[in-house]
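One letter stands for each residue in the lines below.
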Amino acid sequence: MDGRTSCDDLWRIALDLNRAAAAVDPRAGRLPPLIFLTDPDRTPEPWRIAARLRAGAAVIHRGFGRPEAPEEARRLREATRTAGVRLLIAADAELAEAVAADGVHLPEREAKRATELRRFRPDWLITAALHPPGVGAEGVDALLASPVFPAGGASASRPALGVKAFSDAVSTAKAPAYALGGVTADRARALIGSGACGIAAIDAVAQAVAD
């Protein structure tokens, strides 16, 4: 499967999931179907990937407090603006404000900040991490539930939920939920009917848009 085909497949499945979720919860229809999460080691030049995403997708920049994070965020803002892609900054509202991002992504431990941030920036898209059996926090537009499938990176330390447990978590969550963790175009097909509002991924997106 070439990169273009893989990218098309991933986007098509994400779009189908989003449309199905929106039929049940209209809030899902206002969300990007596909989210690319950056990683300093696995995606060292994330702006190149962001530039090739479909319009309507989103990027979550995870700077992890590194000194180069602000410059990365600025380059991502340029790339996403040109591509018609939304940009969220993880765990750094000040940086999100500085680069005119479209919102923020909160770690689960900080999800309760969503209500405060909503007052500060009512126009922002606010997402938060969710590790079931949690149900999320008030003020969040969407949750990223993980890991759904066996995954690498930080998610490798947690057992995979599987589609059934993920679907159960979605049914009780306070906001629409994305499937994150080990999601590939092939595995994503198993999410059809799960209630996922879309797909969030690192490697799958990076590989799909690669030359």
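Fair warning: this is a prediction, and the values are worked out from it, not measured in the lab.

Peer 1: Can you lay out the overall build of the protein chain for me, pointing to particular residues and giving the numbers?
Peer 2: Scanning the protein chain from N- to C-terminus turns up eight helices and eight strands. Against the globule reference of 17 Å for 211 residues, the protein chain gives a C-alpha radius of gyration of 15 Å, in line with a compact fold. Intrachain contacts of the protein chain at a sequence separation of at least 6 include 55% that bridge at least 24 residues. When the 27 positive and 26 negative side-chain charges of the protein chain are each reduced to one mean point, those points stand 3 Å apart.

Peer 1: Please set out the pairing of strand β2 (residues 58-61) residue by residue, giving values where relevant.
Peer 2: Where burial is concerned, the two faces of β2 agree: the one with A58 and I60 and the one with V59 and H61 are both buried. Where strand β1 (residues 34-37) lies against β2, three bridges are found, and the strand directions are parallel. Across the sheet, residue L37 finds its bridge partner in β2, namely I60. In the sheet, β2 pairs with strand β3 (residues 86-90) via four bridges, with the strands oriented parallel. What sits directly across from H61, in β3, is I89. Chirality of the crossover, the property in question, places the unit of β2, helix α3 (residues 69-83) and β3 among those that are right-handed.

Peer 1: Talk me through the confidence of the model for the protein chain; I want residue IDs and the actual numbers.
Peer 2: Per-residue confidence for the protein chain gives a mean pLDDT of 92; residues scoring 70 or more make up 93%. Considering only residues more than four positions removed or in separate chains, one finds that residues 1-5, a stretch of pLDDT under 50, has seven contacts.

Peer 1: With reference to specific residues and values, describe α3.
Peer 2: In a regular helix each residue adds 1.5 Å, so 15 residues correspond to 21 Å; α3 covers 21 Å between its end C-alpha atoms and thus fits that length. All of the buried residues along α3 are A69, E72, A73, L76, R77, A79, T80 and A83. Here the buried face of α3 lies against α2 (46-50), β2, β3 and α4 (93-98). In the segment just after α3, G84 is the residue with positive phi, at about 75°.

Peer 1: Residues and numbers for unusual backbone geometry, please.
Peer 2: Cis geometry marks the peptide bond from S146 to P147, where omega comes out at -10°. With respect to the secondary-structure elements, P147 resides in the loop between β6 (142-145) and α6 (162-172). Despite not being glycine, A91 has its phi angle at roughly 55°, a positive value. Since its relative accessible area comes to 41%, A91 is described here as partly exposed. At A100, a position not held by glycine, the phi torsion is positive, near 60°. Assignment of secondary structure puts A100 in the loop between α4 and β4 (103-106).

Peer 1: Give me the packing of aromatic side chains: which residues, what numbers.
Peer 2: Here the structure, examined in full by the defined rule, presents one aromatic pair. Plain terms: the ring middles of F120 and W124 are 5.9 Å apart, the flat faces sit at 85° to each other, and that makes the pair edge-to-face. A relative accessible area of 2% means that W124 is categorised as buried.

Peer 1: Which residues make up the sheet that holds strand β7 (residues 177-180), and what values do they have?
Peer 2: Paired through their backbone hydrogen bonds, the strands of a sheet run either parallel or antiparallel. As summarised here, the arrangement of the eight strands in space is β1-β2-β3-β4-β5-β6-β7-β8, forming a closed barrel in which the pairing is parallel. Sheet twist, expressed as the average angle between the axes of neighbouring strands with direction ignored, equals 25°. Note: strand β5 (residues 125-130) against β6, four bridges, orientation parallel. Note on β6: the bridge partner recorded for T127 is A142. Here α3 sits on the sheet in contact with β2 and β3, set at roughly 175° to β2.

Peer 1: Break down the environment of W47 for me, with residues and values.
Peer 2: Mapped onto the secondary structure, W47 falls in helix α2. Relative accessible area serves as the criterion here: at 14%, W47 is assigned to the buried category. For the pair formed by W47 and A169, sequence separation is 122 residues and the distance between their alpha carbons is 32 Å. Residues in contact with W47, not counting those within four places in the same chain, are E72, R75, L76 and A79.

Here is what the cut-offs are and how they apply
Residues numbered from 1 in each chain as written. Predicted model: local features only at pLDDT ≥ 70, side-chain atom pairs only at ≥ 80, totals over all residues. Heavy atoms only, no water. Helix = DSSP H or I, 4+ residues; strand = E, 2+ residues; numbered from the N terminus. Rg over C-alpha atoms; globule rule 2.2 N^0.38 Å. Contact = heavy atoms within 4.5 Å. Lys, Arg positive; Asp, Glu negative; His and termini not counted. Charge placed at Lys NZ, Arg CZ, Asp CG, Glu CD. Buried < 20%, exposed > 50% of the residue type's maximum accessible area, 1.4 Å probe, protein only. Pairing = 2+ DSSP bridges. Right-handed = clockwise from strand over helix to strand, strands pointing away. pLDDT = per-residue confidence, 0-100. Expected span 1.5 Å × (residues − 1). Phe/Tyr/Trp six-rings, centres within 6.5 Å; stacked < 30°, edge-to-face > 60°. Axes fitted to C-alpha atoms, helices over the stretch in contact; angles between N-to-C directions.

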